[in-house]
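# Structure assessment
Each chain is listed here by its residues.
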Amino acid sequence: MPTLAIRPLKPRDLIAMRHVNQRRDRLDMPGAIDSTQPDLAGQLLATIPANLRQERVYVALVDGELCAYVSFRPQSSRYRWDVLGVAAGSPRLDATDDVCVELWSALLEYSVKQAGEIGAKRLFATVPDDGPAHDSLRLAGFERIARFMILARSRLPGPVGLPEGMREQDDSDVWSIHQLYHHVTPRAVQFAEALTSAVWELPQRKIVRRMTAMPPRPTAFVLDTRNGVQAYCGFHVRRGSALARLLISPEYRAQASAFVLAAASEAGVDPNCRLRVVVPDYASELVSGFEDAGFEFELERTAMVRHTTAPAVIHTRLAPIPADVGERVPRGIPTYVRNARRAAPGHGASVPCA
């Protein structure tokens, strides 16, 4: 009977990982990275001690042959891990749907335990609604948060006018943005994501820009009105693509596409860069406005979360045994006091009242 073993990636596994390529699925947010399989540098980092690595990779071996793996990006400051991708197949093992589900679910269950022991409280993944990756996540205890769509535009338009009240995000806007998030996001999603205000804090200036006194390039913008901050747009730019995160109150959703395009222009996004925007199902009325602005539907995914469990030590507090205090009644009269110990000679024992 085949023997399955699961463990962290080791340096000697790097060559074998190159042959695990029959089936690869991305489980991270589309546009965040460009490849499911970690590059060589990422694989090497995964073999470094835990306090130095940026990614974690766990591998599955059947009879000693590496045939599947799963990769994660820990975010220690947010007590979460993001699932980057899964892969399966080897020269001697065909990556059928059943094989993928068996291997990936086992890898995910092992990873959940490892993440919990290290201190992570949640693991996040995004996946299509069907297929072995989705089935594996469900078997490993992942639950659906919400569905979302990715709308994309290949080229940015020419100069666009700035909506009234639009400006760069300031440090003092963090609290207001967090309140906007609470206003537009369902409570079930808030509980699953467990975001803190630190999520919207501005990144620190890079060393080169600090040394040369270069002003930082803005990456987040708000729509400031007489009623406070009513919209937020932040960008993640990498390798020729930009991913926009949008929060906007219902009263201003008609300006959503103009706000995102103007923010991309002010952020210095390359006009030839592919711009993506995330639209969750609870804000689906935004889709038509983005399509009118030249965005096209790219894909639809489901966000899923798995809460970890960590071992806890319960210290019991020794409570003193209360002393029986007898009622002051004549001897031989029944009382409600029940003495646990034998009555002393010469004293009547109390008895319960019938």
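An account of the accompanying structure is given in this report. (Residues numbered from 1 in each chain as written. Predicted model: local features only at pLDDT ≥ 70, side-chain atom pairs only at ≥ 80, totals over all residues. Heavy atoms only, no water.)

The helix and strand inventory of the protein chain stands at 9 helices and 13 strands. Within the protein chain, the fraction of its 354 residues that count as buried is 44%. In the protein chain, the share of contacts with a sequence separation of at least 24, taken over all contacts with a separation of at least 6, comes to 70%. With the model as given, the accessible surface of the protein chain reaches about 20,500 Å², and the carbon-plus-sulfur share is 53%. (Helix = DSSP H or I, 4+ residues; strand = E, 2+ residues; numbered from the N terminus. Buried < 20%, exposed > 50% of the residue type's maximum accessible area, 1.4 Å probe, protein only. Contact = heavy atoms within 4.5 Å. Areas by Shrake-Rupley, 256 points an atom, 1.4 Å probe, with all protein chains shown as cover.)

Moving on to the pattern of salt bridges. All told, the structure shown has 13 salt bridges when counted by the stated rule. Across the pair E65 and R92 runs a salt bridge, and its minimum N-O distance is 3.2 Å. Of the two residues, E65 sits in strand 4 (residues 65-75) while R92 sits in the loop between strand 5 (80-88) and helix 3 (97-118), which places them 27 residues apart along the sequence. As a salt-bridge pair, D281 and R144 come within 3.1 Å of each other at their nearest N and O atoms. Highlighted residues: D281 in the loop between strand 12 (274-280) and helix 9 (287-292) and R144 in strand 7 (residues 143-153), separated in sequence by 137 residues. Its relative accessible area of 48% is what places R144 among the partly exposed residues. A cluster of three or more residues bridged by salt bridges with shared partners is formed by D129, R147 and E300. (Salt bridge = Lys/Arg side-chain N within 4 Å of Asp/Glu carboxyl O.)

The next subject is unusual backbone geometry. At Y79, a residue that is not glycine, the phi angle is positive and equals roughly 55°. Its location among the elements puts Y79 in the loop between strand 4 and strand 5. In this structure, A194 takes a positive phi of about 50° despite not being glycine. Within the secondary structure layout, A194 lies in the loop between helix 6 (187-193) and helix 7 (207-212). Residue classification places A194 among the partly exposed residues on the basis of a relative accessible area of 33%.

Counting 33 residues, the largest nonpolar core has F235, L246, L275 and F290 as the members making the most contacts within it. Of all elements in the fold, only strand 7, strand 9 (220-225), strand 10 (228-238), strand 11 (241-248), helix 8 (256-266), strand 12 and helix 9 reach the threshold of two or more residues within this core. Apart from residues no more than four positions distant in its own chain, F290 is found in contact with L151, L246, A256, S257, V260, V277, V279 and F295. Counting 29 residues, the second-largest nonpolar core is a separate cluster that includes Y58, V127, A140 and M304. (Core = buried A, V, L, I, M, F, W, Y, C linked by side-chain atoms within 4.5 Å.)

Okay, the pairing of strand 12 next. Within strand 12, 6 of the 7 residues are buried, which leaves it mostly tucked inside the rest of the structure. Here strand 7 pairs with strand 12 via 6 bridges, running antiparallel. When the sheet's bridge partners are listed, A152 is paired in strand 12 with R276. With respect to chirality, the unit in which strand 11 leads through helix 8 into the neighbouring parallel strand 12 is right-handed. (Pairing = 2+ DSSP bridges. Right-handed = clockwise from strand over helix to strand, strands pointing away.)

Moving on, we come to helix 5 (residues 174-184). Buried within helix 5 we find V174, I177, H178, L180, Y181 and V184. Angularly, the buried residues of helix 5 cover 155° about the axis, an arc narrow enough to put them on a single face. Looking at helix 5, the residues exposed on the side facing more than 90 degrees away from the buried face are W175 and H183. (Arc of directions from axis to C-beta.)

Counted residue by residue, strand 11 has 7 buried out of 8 residues, so it is predominantly covered. The pairing of strand 10 with strand 11 spans 8 bridges and is classified as antiparallel. The residue bridging C233 from the neighbouring strand is L246, located in strand 11. As consecutive antiparallel partners, strand 10 and strand 11 are separated by 2 residues, and within that stretch R239 has a phi angle of approximately 50°, a positive value. Summarising the sheet, strand 11 and strand 12 pair through 4 bridges and their orientation is parallel. Among the inter-strand pairings, A242 is bridged to a residue of strand 12, identified as L275.

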